[in-house]
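# Architecture and fold: a report
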Amino acid sequence: MNQAFADARRWLTLAATQGSGDSCNKLGVIYRNGYGVPPDPERAILWFAMGAGLGDQYAIFNLANSYMNGEWVARDYAHAARLHEQAAMRGMAEAQYFMGCFYAEGIGVKKDAGRAREWLTHADRNGHEEAGPLLERLHEIADDQPIAEPGPPVRIKAASPLR
């Protein structure tokens, strides 16, 4: 199995150095999760950042989650929101959902119920299961009320294992 991971890393590295954002993201996932190598958060972040620079929505999303969760980088909600918006603009329903949540609660962006509804509508139309119920909840409450009871920060999950 380790040889298979070594071969995959070699081919992904070749593709990444030739401009494949998807390969950069997959390398980031390999190093983040320690698939066939010891986990290497610094290397994971570098690969995610390279993939994000190449416009890969999954690399952007994974990098955004690192900033949102403060994993391997300093927590920076504003930067996380900017990155999530980039992935959301590329049609990623999960990022659209997070943008709706960010605008609803004012996390990393100025609170804006209208923008929250807009992003949640996109996420709902793109099949995000939690967007519709949250969108309904937003329509039920006043613009200045929180959508949920305040609690500990929510950890944002990474995209699927090789995404």
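Residues numbered from 1 in each chain as written. Predicted model: local features only at pLDDT ≥ 70, side-chain atom pairs only at ≥ 80, totals over all residues. Heavy atoms only, no water.

### A look at the overall build of the chain
A count of helices and strands for the chain gives 8 helices and 0 strands. Counting from the amino terminus, the chain carries its helices and strands in the arrangement α-α-α-α-α-α-α-α. Classification of the 163 residues of the chain by burial places 42% in the buried group. For the chain, contacts bridging at least 24 residues in sequence account for 52% of all contacts bridging at least 6. When the accessible surface of the chain is totalled, it reaches about 8700 Å², and 53% of it is carbon and sulfur. (Helix = DSSP H or I, 4+ residues; strand = E, 2+ residues; numbered from the N terminus. Buried < 20%, exposed > 50% of the residue type's maximum accessible area, 1.4 Å probe, protein only. Contact = heavy atoms within 4.5 Å. Areas by Shrake-Rupley, 256 points an atom, 1.4 Å probe, with all protein chains shown as cover.)

### So, the pattern of salt bridges
Taken as a whole, this structure holds 5 salt bridges when the rule is applied. Residue R43 pairs with D40 through a salt bridge whose shortest N-O separation is 3.9 Å. Residues joined in a network through salt bridges with shared partners are E85, R115 and E118. (Salt bridge = Lys/Arg side-chain N within 4 Å of Asp/Glu carboxyl O.)

### Looking at the packing of aromatic side chains
All chains considered together, the criterion is met by 4 aromatic pairs. Relative to F102, the ring of F98 lies with its centre 6.3 Å away and its plane at 15 degrees, an arrangement referred to as stacked. Of this pair, F98 and F102 both sit in helix α6 (residues 93-105), separated by 4 residues, roughly a single helical turn. Just as F98 is buried, F102 falls in that class too. Members of the aromatic cluster, each reached through a chain of ring pairs, are F61, Y97, F98 and F102. (Phe/Tyr/Trp six-rings, centres within 6.5 Å; stacked < 30°, edge-to-face > 60°.)

### Concerning unusual backbone geometry
Notably, W72 is not glycine yet its phi reads approximately 70 degrees, a positive angle. Topologically, W72 is positioned in the loop between α4 (57-69) and α5 (77-89).

### Let's talk about the confidence of the model for the chain
Reading predicted coordinates in detail is not appropriate for stretches of low pLDDT. Residues at a pLDDT of 70 or more form 86% of the chain, whose mean pLDDT is 88. Counting contacts from residues 149-156, a segment whose pLDDT is below 50, to residues more than four positions away or on other chains yields 11 contacts. (pLDDT = per-residue confidence, 0-100.)

### Let's talk about the side chain of Q96
The topology assignment puts Q96 in helix α6. Polar contacts involving the side chain of Q96 include one to the side chain of N126, which spans 2.8 Å. Those residues in contact with Q96 that lie beyond four places of it in its chain are A88, G91, W119, L120, H122, A123 and N126. (Polar contact = N/O pair within 3.5 Å; in protein donor to acceptor, adjacent residues only side chain to side chain.)

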